[in-house]
Amino acid sequence: MVSSTFARAPALAILLVIGLLVALGALLLRLNGIAFGEAHGSTARPRASYVPMFMHLALVLVAGIYLPAPLVAWFQHVAGLLK
């Protein structure tokens, strides 16, 4: 987006880059507050289930060993579209 704007209207590209940098800075500022801000609520260890994690790992393992033919054909079709 930036390179095509530089090709067509270099003055607007500078404004675009400044706008993108301001947006990225605001996003990082907000993310910093979320990641390193004060904790809210209970700090007790939550009860969690490992079932979803192991189900996803099993799905990845099965997909790594065997994929049905229609799914392989679909992946090949999508890869062909991306060439």
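Whatever comes next refers back to the structure up there.
Analysis parameters
Residues numbered from 1 in each chain as written. Predicted model: local features only at pLDDT ≥ 70, side-chain atom pairs only at ≥ 80, totals over all residues. Heavy atoms only, no water. Helix = DSSP H or I, 4+ residues; strand = E, 2+ residues; numbered from the N terminus. Rg over C-alpha atoms; globule rule 2.2 N^0.38 Å. Buried < 20%, exposed > 50% of the residue type's maximum accessible area, 1.4 Å probe, protein only. Phe/Tyr/Trp six-rings, centres within 6.5 Å; stacked < 30°, edge-to-face > 60°. Patch = residues over 30% accessible without salt bridge, like charges linked within 9 Å, V, L, I, M, F, W, Y side chains within 5 Å. Areas by Shrake-Rupley, 256 points an atom, 1.4 Å probe, with all protein chains shown as cover. Salt bridge = Lys/Arg side-chain N within 4 Å of Asp/Glu carboxyl O. Contact = heavy atoms within 4.5 Å.

**Quick notes on the overall build of the protein chain**
Here is step 1 of the chain: Looking only at helices and strands, one finds four helices and zero strands in the protein chain.
Here is step 2 of the chain: Secondary structure elements in the protein chain, listed N-terminal to C-terminal, are α-α-α-α.
Here is step 3 of the chain: For 83 residues, the compact-globule estimate of 2.2 N^0.38 gives 12 Å, and the protein chain exceeds it by more than 25% at 23 Å.
Here is step 4 of the chain: Dimensions of the protein chain along its principal axes, counting C-alpha atoms only, are 55 × 50 × 10 Å.
Here is step 5 of the chain: Out of the 83 residues belonging to the protein chain, those deemed buried represent 2%.

**Looking at the packing of aromatic side chains**
Here is step 1 of the chain: Under the criterion given, the structure shown has two aromatic pairs.
Here is step 2 of the chain: Here Tyr-50 and Phe-54 contribute two aromatic rings whose centre-to-centre distance is 6.3 Å and whose plane-to-plane angle is 50°, an arrangement assigned as tilted.
Here is step 3 of the chain: For Tyr-50, a relative accessible area of 53% corresponds to the exposed category.
Here is step 4 of the chain: Their ring planes at 50° and their centres at 5.3 Å tell us that Trp-74 and Phe-75 sit as a pair that is tilted.
Here is step 5 of the chain: Of the residues examined, Phe-75 reaches a relative accessible area of 43% and is grouped as partly exposed.

**Observations concerning a nonpolar patch on the surface**
Here is step 1 of the chain: Taken together, Leu-21, Leu-24, Leu-27, Leu-28, Leu-31 and Ile-34 make up a surface patch of nonpolar side chains, about 630 Å² in accessible area.
Here is step 2 of the chain: Tracing the backbone through its elements, the reader meets Leu-28 in helix 2 (residues 10-36).

**Some words on the side chain of Thr-5**
Here is step 1 of the chain: In this fold, Thr-5 is placed in helix 1 (residues 2-8).
Here is step 2 of the chain: Exposure remark for Thr-5: the relative accessible area of 19% places this residue in the buried category.
Here is step 3 of the chain: Setting aside chain neighbours within four positions, we find Thr-5 in contact with Pro-10, Leu-12, Ala-13 and Leu-16.

**Describing the environment of Ala-13**
Here is step 1 of the chain: By the element assignment, Ala-13 lies in helix 2.
Here is step 2 of the chain: In sequence terms Ala-13 and Ser-3 are 10 residues apart; their C-alpha atoms lie 8.1 Å from each other.
Here is step 3 of the chain: Those residues within four positions of Ala-13 in sequence are excluded, and the remaining contacts are Val-2, Thr-5 and Phe-6.

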